[in-house]
Amino acid sequence: MSPKRLEDMYDAVIVGAGAAGLSAALGLLRSPDIGQLKAQGDEPRILVVSKLQPLRSHTGSAEGGIAASLGNMEPDDWHWHYYDTVKGGDWLSDQDAAKLLAEYAPETVVNLERSGVAFSRTEDGHVAQRRFGGHTREFGGEPVKRAAYAADRVGHQILHALWQQCVAEGVQFAEEWYVTDLVLDGDDTNRRVCGIVALDTHSGEVKAIHARNVLLATGGAGRLFHTTSNSWDLTGDGMALTLAAGLQLEDGEFVQFHPTGLAHTGILLSEAARAEGGVLRNANGEAFMERYAPGHADLAARDVVSRSIMAEVDAGRGVADPKDPQGPKDCVWLDMRGIDPQRMEQVLPQVVETIRMYANLDPTVDLVPIKPTAHYTMGGIPVTTDGEVYRWDGKTRTVVEGLFAAGECSCVSVHGANRLGGNSLLDACLFGTRAGRAMALRIGQNPAAALEDDHEGDTAVDQAAADRKAEMAELLAGDTAQPEDADATEHSGGTGNPYQLMARLGEVMERALAVRCDAESIGTALAALRDEIRPAAEALRAHDSNAAFNQEVTAIWEVQHLTELAEAVLHASDDRHESRGSLRRLDFPERDDEHFLAHSMVDAQGTVSFQPVVIIDYPPMKREY
Amino acid sequence: MAEASKTTVTLKVHRFTPRAEKTERARAGSPFARKSSPFGGAGSSASARRRPRGKQWVQEYTVSARPEDSVLDCLLAIKRTIDPTLAFRYSCGHGMCGSDAVSVNGTPTLLCTARVSDWAKLPGSMPHIDDDGFRSTESGEPEAAAASANDAADTSDTGERSLGVIELAPLPGFPAQRDLIADIDPMLDQIKKLKPYLQADGVLATTKEGNIDVFEYLQRPEQLAKYEMLSNCIACGVCEGSCPVFAGGDAFIGPAALIWASRFINDSRDGKAMERMDAIDTADGVAACQSVRACSRQCPRGIDVGEEMWQIVAKVRER
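Rules behind the numbers
Residues numbered from 1 in each chain as written. Chains lettered and ligands numbered in written order. Predicted model: local features only at pLDDT ≥ 70, side-chain atom pairs only at ≥ 80, totals over all residues. UniProt positions renumbered as here; feature names shortened; annotations may be inferred. Helix = DSSP H or I, 4+ residues; strand = E, 2+ residues; numbered from the N terminus. Buried ≥ 20, exposed ≤ 12 C-beta atoms within 10 Å, placed from the backbone. Contact = placed C-beta atoms within 7 Å. Rg over C-alpha atoms; globule rule 2.2 N^0.38 Å. Pairing = 2+ DSSP bridges. pLDDT = per-residue confidence, 0-100. Domains from an automatic or database assignment. Nonpolar A, V, L, I, M, F, W, Y, C, P; charged D, E, K, R; others polar. Axes fitted to C-alpha atoms, helices over the stretch in contact; angles between N-to-C directions. Parallel < 35°, antiparallel > 145°, perpendicular 65-115°, else oblique. Core = buried A, V, L, I, M, F, W, Y, C linked by C-beta atoms within 7 Å.

The name that an unreviewed UniProt entry assigns to chain B is succinate dehydrogenase, with the source organism given as Bifidobacterium oedipodis. Note on chain B: under the UniProt heading Pathway (unreviewed entry), the record states "Carbohydrate metabolism; tricarboxylic acid cycle." As recorded by UniProt, the Sequence similarities (unreviewed entry) comment attached to chain B reads in full: "Belongs to the succinate dehydrogenase/fumarate reductase iron-sulfur protein family."

Under an unreviewed UniProt entry, the name given to chain A is succinate dehydrogenase, and the source organism is Bifidobacterium oedipodis. According to its UniProt record, chain A has this under Subcellular location (unreviewed entry): "Membrane".

Asker: When you look at the overall build of chain B in this model, what are you seeing that I'm missing?
Answerer: In terms of helices and strands, chain B carries 9 helices and 10 strands. Put simply, chain B has 319 residues, and 50% of those count as buried. At a minimum sequence separation of 6, the contacts of chain B that also span at least 24 residues come to 70%.

Asker: Would you take a moment to explain the overall build of chain A for this structure?
Answerer: Within chain A, the secondary structure is distributed over 18 helices and 21 strands. The C-alpha atoms of chain A give 24 Å as radius of gyration, which agrees with the globular expectation for 625 residues (25 Å, within 12%). With the C-alpha coordinates of chain A rotated into their principal frame, the extents come out at 70 × 60 × 50 Å. A burial count over chain A gives 62% of its 625 residues as buried.

Asker: Could you clarify how one ought to interpret the pairing of strand 1 (residues 7-18) of chain B in this entry?
Answerer: Every other side chain in a regular strand lies on the same face of the sheet, so the side chains alternate between the two faces. Residue and element names in this part refer to chain B. Within strand 1, 10 of the 12 residues are buried, which leaves the element mostly enclosed by the surrounding structure. With 6 bridges joining them, strand 1 and strand 6 (residues 161-170) adopt parallel strand pairing. Bridged to Thr-10 within strand 6 is Val-165. Pairing between strand 1 and strand 2 (residues 54-64): 11 bridges, direction antiparallel. Opposite Pro-18, over in strand 2, you have Gly-54 as the bridge partner.

Asker: Looking at this structure, how should I read the environment of Gly-27 of chain A?
Answerer: Residues and elements named next belong to chain A. With respect to the secondary-structure elements, Gly-27 resides in helix 1 (residues 19-29). The spatial distance from the C-alpha of Gly-27 to the C-alpha of Arg-434 is 6.7 Å, given a sequence separation of 407 residues. Once residues within four sequence positions are removed from consideration, Gly-27 is found in contact with Gly-432, Thr-433, Arg-434, Ala-435, Gly-436 and Arg-437.

Asker: Got a minute to help me understand the confidence of the model for chain B in this structure?
Answerer: Interpretation of the predicted coordinates at a detailed level should be avoided for regions scoring low in pLDDT. Residues and elements named next belong to chain B. For chain B, per-residue confidence averages 85 on the pLDDT scale, and residues scoring 70 or more make up 77% of the total. Predicted confidence for residues 23-31 stays below pLDDT 50, and this span has 8 contacts to residues more than four positions away or in other chains. For this predicted complex, the interface score ipTM comes out at 0.93, while the overall pTM is 0.92.

Asker: Hey, could you run me through helix 1 (residues 71-81) of chain B in this one?
Answerer: Because the α-helix completes a turn every 3.6 residues, residues three or four places apart line up on one side. Judged by how many residues are buried, helix 1 of chain B sits mostly within the fold: 8 of 11 residues are covered. Those residues of helix 1 of chain B that fall on the buried side of the exposure criterion are Val-71, Leu-72, Asp-73, Cys-74, Leu-75, Leu-76, Ile-78 and Lys-79 of chain B. Buried residues along helix 1 of chain B sit in contact with helix 15 (498-513) of chain A together with strand 1, strand 2, strand 3 (101-104), helix 2 (116-119) and strand 6 of chain B.

Asker: Teacher, can you tell me more about helix 7 (residues 237-244) of chain A here?
Answerer: Residues and elements named next belong to chain A. Extensive coverage of helix 7 is indicated by the burial of 7 of its 8 residues. Asp-237, Gly-238, Met-239, Ala-240, Leu-241, Thr-242 and Leu-243 are the residues of helix 7 that are buried. Two residues or fewer after helix 7 comes Gly-246, characterised by a positive phi angle close to 90 degrees.

Asker: Just to check I follow, could you spell out the domain arrangement of chain B for this structure?
Answerer: Interface extent is often summarised as the accessible area lost during association of the parts. All names here are of chain B. Per the domain assignment, the segments of chain B are domain 1 (2-181) and domain 2 (184-318). Tallying the contact residues gives 24 residues for domain 1 and 25 residues for domain 2. Counting only elements with at least two residues in the side of domain 1 that touches domain 2, the list comes to strand 3 and strand 4 (107-110). If you tally residues by element for the side of domain 1 that touches domain 2, the top one is strand 4, at 4 residues. Along the lines of polarity and charge, the residues of the side of domain 1 that touches domain 2 split into 12 nonpolar, 11 polar and 1 charged.

Asker: I would appreciate a short explanation of the interface of chain B and chain A in the present structure.
Answerer: Taken together, the contacts link 52 residues of chain B with 56 residues of chain A. For the side of chain B that touches chain A, the secondary structure elements donating two or more residues are strand 1, helix 1, strand 7 (176-178), helix 3 (185-193) and helix 4 (221-225) of chain B. Per element, the largest residue contribution to the side of chain B that touches chain A is 3 residues, and it comes from helix 3 of chain B. Taken together, the residues that form the side of chain B that touches chain A break down as 24 nonpolar, 16 polar and 12 charged.

Asker: What is the right way to read the domain arrangement of chain A from this model?
Answerer: Residue and element names in this part refer to chain A. In terms of domains, chain A is made up of domain 1 (261-371) and domain 2 (490-612). The C-alpha-based centres of domain 1 and domain 2 are spaced at 28 Å. At the junction of the two partners, domain 1 supplies 4 residues and domain 2 supplies 5 residues.

Asker: I'm lost on the pairing of strand 14 (residues 332-335) of chain A in this one. Help?
Answerer: Residues and elements named next belong to chain A. In terms of strand pairing, strand 13 (residues 279-281) meets strand 14 through 3 bridges, oriented antiparallel. Paired with Val-279 across the strands is Asp-335, a residue of strand 14. Summarising the sheet, strand 14 and strand 15 (residues 368-377) pair through 3 bridges and their orientation is antiparallel. Paired with Trp-333 across the two strands is Pro-369, which belongs to strand 15.

Asker: Explain the UniProt feature "active site" (unreviewed entry) in chain A to me, please; I cannot follow it from the model alone.
Answerer: All names here are of chain A. Per the UniProt record, "active site" (unreviewed entry) is annotated on Arg-302. Arg-302 sits in the buried class, given 24 other C-beta atoms within 10 Å. Sequence-distant contacts of Arg-302, defined by excluding residues within four places in its chain, comprise Gly-133, Gln-256, His-258 and Pro-259.

Asker: Would you take a moment to explain the sheet that holds strand 12 (residues 255-262) of chain A for this structure?
Answerer: The pairing of strands in a sheet happens through backbone hydrogen bonds and is either parallel or antiparallel. Residues and elements named next belong to chain A. Reading across from one edge, 12-15-14-13 is the order of the 4 strands in this open sheet, with antiparallel pairing throughout. Two strands close off the open sheet at either side, each with one partner strand: strand 12 and strand 13. Adjacent strand axes in the sheet meet at a mean angle of 45 degrees when their direction is disregarded. In the packing of helix 12 (residues 349-359) onto the sheet, contacts are made with strand 12 and strand 15, and the angle to strand 12 comes to roughly 75 degrees.

Asker: Just checking my understanding: could you explain the environment of Phe-174 of chain B for this structure?
Answerer: Tracing the backbone through its elements, the reader meets Phe-174 of chain B in the loop between strand 6 and strand 7. Along the chain, Phe-174 of chain B and Ser-99 of chain B lie 75 residues apart, while their C-alpha atoms are 14 Å from each other.

Asker: Explain the packing of helix 5 (residues 105-114) of chain A against helix 13 (residues 423-445) of chain A to me, please; I cannot follow it from the model alone.
Answerer: What describes two packed helices is the angle between their axes and the distance between those same axes. Residue and element names in this part refer to chain A. Contact geometry for helix 5 and helix 13: axes closest at 10 Å, N-to-C directions at 90 degrees. Taken together, helix 5 and helix 13 sit at an angle that is classed as roughly perpendicular. Packed against helix 5, whose contacting residues are Ala-105, Thr-108 and Leu-112, the element helix 13 presents Leu-426, Cys-429 and Leu-430 at the interface. Its residues assigned to classes, the contact of helix 5 with helix 13 shows 5 nonpolar, 1 polar and no charged.

Asker: Would you mind going over the nonpolar core with me for this structure?
Answerer: One recurring pattern in soluble globular proteins: nonpolar side chains tend to sit buried together. One finds Val-13, Ala-25, Ile-196, Val-214 and Leu-215 of chain A to be the most contacted residues of the largest nonpolar core, which totals 279 residues. The leading source of residues in this core is helix 17 (residues 551-575) of chain A, at 12 residues.

Asker: So what exactly am I meant to see when it comes to the sheet that holds strand 3 (residues 66-67) of chain A here?
Answerer: Residues and elements named next belong to chain A. If you trace the 3 strands from one edge of the open sheet to the other, you get 3-5-4, paired in antiparallel fashion. Bordering the open sheet on either side are strand 3 and strand 4 (129-136), each of which pairs with just one other strand. Bridging between strand 3 and strand 5 (residues 143-148) involves 2 bridges; their strand directions are antiparallel. Looking at strand 5, one finds that Ile-66 is bridged to Ala-148.

Take a look at the structure:
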């Protein structure tokens, strides 16, 4: 679906059509401000631009649940949820944001249900809830059933319900358009958004899109790493666009690795596999987790288990993926043979299916190779609790007028240094909705329909589009050193291959940062990026000159985005001289609240400054489970 | 040892590159413009069968592959090592996003769930495909595949064993856009036409002093069970490409749109069941279903589409 023609000026352009982007669209359209505007006969001009058809968004892969203190199964209190979120984040969460997250979680989940989500139910018809790691009662006590779920497909249900409601609201989509530029004007003290530039991948045309408000909701950046649970499209585009526009990223060094990815595929095997009795074993057959987390063993927190697995691998007790027997011994075994086969089919159907389909193994008799898999980026584009993007100058926040972000690409900092399960969908839906409402407020005050065409930024967007068009032509012209041959069907020679380069980048980043790092591993990766990857990324050219559905052009820009982002993440990791949450510095093994109870703010030049954490109710304590 | 020797698979890909028609894009004469049809979606009109102009050819790629690899793995290896210009949709890679439905040996299915060992055929056992892309009407089912890992043929000079050939083409019933990418907008248009969203009181909750003022709609587990399976549809288009009525180009709103309609008709929270049934009680709605049940065979979410269609047809007739 593409718009027949673009408006001269949009009230709002939303980039990304997962849970955050669609929630923002709905939050905007359902707001009183827009209702008033419509009553006056003004239709707001809204466009949702997405790299994928909306129903393909990675939100659809979320399995477990969405956390809210509904108390449908047992007593619960949003203050407990608030505390658990802060503790789970190793006290790096901003407490004003975490408080909103917990307080408005019940409203968010109830409204998802009222929008059509087919939640699993209790016998009396209420939304059913299950336990999830780190969610407790009475401030760190017994586990509590807080995650609302829809079998093991809650993400699919939420994505579809949100899209359905957008259809009801008549939201206009530009599908399979890839955003290449975020255009701002002004200086450090007074920036504002002018619009975006996007490639319509169907026609191959570059489009200038003028907008008074832009919201980025492009998801995470799992493809920074070779082994990831993220889809192929999670290339950190929104974060890279923000860096390229002269803004910063917050807490980019915090990447959650889920302990049980299916060997080299990275596909997630749910935590439930261990909850039901699965045990991790090293090459010697030892059930090693008891040694690292006495009492908790295989059910310790995600970051703890991932670190233990890597320690075993580093000590030479890893195993090779049976699919690649000559490859590195970078996996350990998940032993599910102790689970009754009948029960396994019953309670772990998705896990069993994944192992059969993608490892060709039978978990009732075979050991299953697993490896920590890059799962979630806690950091991202810095935003206020209303989703406004800001720049940090070392002392104050300066909001970029009209620029918003929400979901995994953003960092309102509810997750701090480590995210709790069930909080990601909640973050995306809740803060997406809030950002949508904040945009509606601005639109109500100043609708584009009522404006004269006096926008100074016009020329900036058109100029950016013209530059991008010229670059596109250059990419399509191919490797000019070789004779042009339109009918060439073999493409092994000539210029580099973006898909290969993306794989190479993933290897470099994985070696440097996966689960643990130190100054040396970070330095090695920065050098590889500077000397090898960046020059190769900049030299990439397309091997076919036809612009329509030319996926290679998109891949070239994706790998350039990833390179930009990788450098920022490495610089942020380099400057945090402590270990906290998901970040394990081997050379700085302790948490250091005196110096680093602060958010890192990194820009495209690699300059890092720190912003204090907002602490309201819960002073930092030792994080123990 | 057998495990030590390398195996390969040959992918025979039906490729297509549209002709660049910059000046014509805005005009109705463009091959990409959807035609209006008395039956709504373009998929039900002649334009679905109308082939966009451009270059068509069949290209063979031979890559290293293990029997348990997915066809998507093989295509990604081709992109990385042989031909970065080959175009196909893919995203999550494990059967949840629904973007990679194509025709594998003539059968619509997902690239990421199609295993090489299930689909590779040794040369000689391939169904004949003529120049216009038609195949003979023999079975294209995976069990008909003659090759398995054990009886793979030796390729003399390299010592690598070939697991066989897999033939790939864009999803039938939809206009090809480039290589394996097909335009599935006609399906989404037909889904959207049937108001695919919950219609209830529309009241939403707000929070005051930490408490919400409205609660969820109640729905007992047995009420959920009436439509839960239907709500798992990922709109991949496999059922539509399998349907001889839909893919054959007759006027039919298609199995996917009917599954979505049925999902809401059977949802106890929805208040518009009668209106929804009226909307599909048309010549190109339930009446067009011929109960062939080809739609059930490859559904990646395990929905028995044919049976569900039968149920909704009965329900519409009984109302």
